[in-house]
Amino acid sequence: MVRFHCCRVTLILWLALATAALGSVHGLGEDLDRPLFGPPGSPVRLQESDPGLQKAMQFAEERYNRGSNAMHLRKVSRLISATKQLVKGVRYTITVELSNTQCKKSVMLRTCDFYPEAHKLKTEVCVFEVWDIPWQGTSTLLKQKCQPKVEPQPEETNEATDVSPSLPLEVSVELLGQFKEFMIKYNKVYSSQEEADHRLRIFHENLKTAEKLQSLDQGSAEYGVTMFSDLTEEEFRSTYLNPLLSQWTLHRPMKSASPARGPAPASWDWRDHGAVSPVKNQGMCGSCWAFSVTGNIEGQWFLRNGTLLSLSEQELVDCDGLDKACRGGLPSNAYEAIEKLGGLESESDYSYSGHKQKCGFTTGKVAAYINSSVELSKDEKGEQSNNKYFYRKGVSHPLKIFCNPWMIDHAVLLVGYGERKGVPFWAIKNSWGEDYGEQGYYYLYRGSSACGINSMCSSAVIN
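Here the structure is a predicted model, which means the values were calculated and not measured. For every chain, the first residue of the written sequence is number 1, and numbering continues from 1 onward in sequence order. Where totals are concerned, whole chains, interfaces and linings use all residues; where local detail is concerned, this predicted model gives features only for residues with pLDDT of at least 70, and gives and counts side-chain atom pairs only at 80 or more. Side-chain measures here rest on the full set of heavy atoms in the structure, leaving out hydrogens and waters.

*Asks:* Any chance you could explain the overall build of the chain here in plain terms?
*Replies:* Note on conventions: DSSP H or I runs of at least 4 residues are helices, E runs of at least 2 residues are strands, and numbering of each starts at the N terminus. Each helix and strand in the chain was counted, giving 10 helices and 18 strands. By element, 52% of the accessible surface of the chain is carried by carbon and sulfur atoms, the whole surface being about 22500 Å². Note on areas: Shrake-Rupley with a 1.4 Å probe; residue coverage comes only from the protein chains shown.

*Asks:* Help me understand the packing of aromatic side chains, please; the structure alone is not making it clear to me.
*Replies:* What describes a pair of aromatic rings is the distance from one ring centre to the other and the angle between the planes of the rings. To pair, rings of Phe, Tyr and Trp, with the six-membered ring standing in for Trp, must have centres within 6.5 Å; the planes then decide the type, stacked if under 30 degrees apart, edge-to-face if over 60, and tilted in the middle. If you walk through the whole model with that rule in mind, you get 16 aromatic pairs. Ring centres 6.5 Å apart and planes at 85° place the aromatic pair Tyr64 and Phe128 in the edge-to-face group. In this pair, Tyr64 is assigned in helix 2 (residues 51–67) and Phe128 in strand 5 (residues 124–133), connecting sequence segments 64 residues apart. Across the pair, Phe128 and Tyr64 agree in class, each one buried. Here the aromatic rings of Phe182 and Tyr186 are separated by 5.6 Å at their centres, their planes lie at 55°, and the arrangement is tilted. Tyr186 carries the same exposure label as Phe182, and that label is buried. One aromatic cluster is present, formed by Phe179, Phe182, Tyr186, Tyr190 and Phe203 through successive ring pairs. Charge-over-ring placement is defined geometrically: NZ (Lys) or CZ (Arg) within 6 Å of the ring centre, and within 35 degrees of the ring normal. A cation sits over an aromatic face here: Lys75 above Phe114, 5.7 Å from the ring centre. Residue placement shows Arg420 over the ring face of Tyr443; its charged tip is 4.2 Å from the ring centre. Categorising residues by exposure relies on relative accessible area from a 1.4 Å probe, with only protein chains included: less than 20% of the type maximum marks a residue as buried, more than 50% marks it as exposed, and the intermediate range marks it as partly exposed.

*Asks:* Would you mind showing me how to read the environment of Gly437 here?
*Replies:* By the secondary structure assignment, Gly437 is in the loop between strand 16 (423–429) and strand 17 (441–445). Between the C-alpha atoms of Gly437 and Phe390, which are 47 residues apart in sequence, the distance is 8.5 Å. For this analysis, residues touch if any pair of their heavy atoms sits within 4.5 Å. Other than its neighbours up to four places away in sequence, Gly437 contacts Tyr391 and Arg392.

*Asks:* Could you clarify how one ought to interpret helix 9 (residues 331–341) in this entry?
*Replies:* Residues spaced three or four apart along an α-helix point in a common direction, a consequence of the helix completing one turn every 3.6 residues. For helix 9, the set of buried residues is Pro331, Ser332, Asn333, Ala334, Tyr335, Ala337 and Ile338. One or two positions beyond helix 9, positive phi appears at Gly342, with a value near 110°.

*Asks:* Would you explain the sheet that holds strand 3 (residues 72–86) in this entry?
*Replies:* Sheet strands pair by backbone hydrogen bonding; their relative direction is either parallel or antiparallel. We treat two strands as partners when DSSP finds at least two bridges between them. Pairing in this open sheet of five strands is antiparallel, and the strands run 2-3-4-5-6 from one edge to the other. The strands lining the two open edges of the sheet, one partner per strand, are strand 2 (44–45) and strand 6 (138–148). Judged from the 10 bridges that link them, strand 5 and strand 6 form a sheet pairing that is antiparallel. What sits directly across from Asp132, in strand 6, is Ser139.

Without other data, these values stay purely geometric and don't point to any function.
Structure below.
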């Protein structure tokens, strides 16, 4: 039983089309499409009532007016979106509308009303980045980018206006129904009507992407609505994937595994032999590297000792000084870190939180250890031990141009192989919970090195 890493697949590449389209609509491009969710260390969305956000907006307002040559003070007339990120303090990214007030800069008044005439408001859309260090009592304006707000010009028509004018009238009712079902199934809640509209547009584009994937897949996979269907490519990548895997220069050399002693059976599934723990969920943290490594060690420990343990991924997130916790990691580093620590605690003793904490590892609670690690053969056919975003079920067989083996950014656990109606497959345990794919598993075509399946295969060694 081994663990391998799979590349970003078709659906992620296609989603770039949706991201580009939304950027052109807003006019500020990437600034308005930053990740809205994420683990500590990644941007997370804020409500307008957040005290820290209010302070940051006031600071941005003051700095804007100080640098402006305008006669009148300008104030925030509307908050579009806001996120914060913990980076040696708090970095706020704020997108707002700024409009003219009736107060001149030379007059300091507590209350400044906006102009009642729309043409005098001269509203701008601005993106500010404010770095606040509370314990030092300092704030810094890292970025200010503004442009005039462009009001949409309504077209003259005698037809009734639809609530979603960007969507064709004949599909809007069906689309809204699908989106409502999606929100209920995956417990999606949005902070405002603007946010819900934004997610609906992404959902609509993702549906079209899934249809395209379905028409191009060479296997039996079914693509469609998943728990990620309201996310842009950037959001998905920054929250769930592992960019370090594609940085080949960072990889630690590993010893090669010994060749197989005999021919492999026609099919095999370690789940049938009690060597695989239940599917886990990494949450909004790029810790797939930790889940793939612990999954491998769980299986190897079972083979050596006959006991299936659920081991701690959080220990690696907290205590592996070679990797970057929720911002990614390398399994080769993780194996080395486990050897240096002396082993892994159980999941029950060191439970998963989904964000980096102070290392709480205790040698007296070690539940399993490893002696070394090895790199496995790149011959997929000989290995026999060895797209995700919209994947629902079936055997996925994406075209090579949509599943680049040189852009690996996700780590998973291979648990078996076989055939379905004559189609050979790999059975892959993912770490996105049981709602993903087939009860948490992904099935990939076997025999064509699809998605770089034969790249970066490795395993722990327990003597």
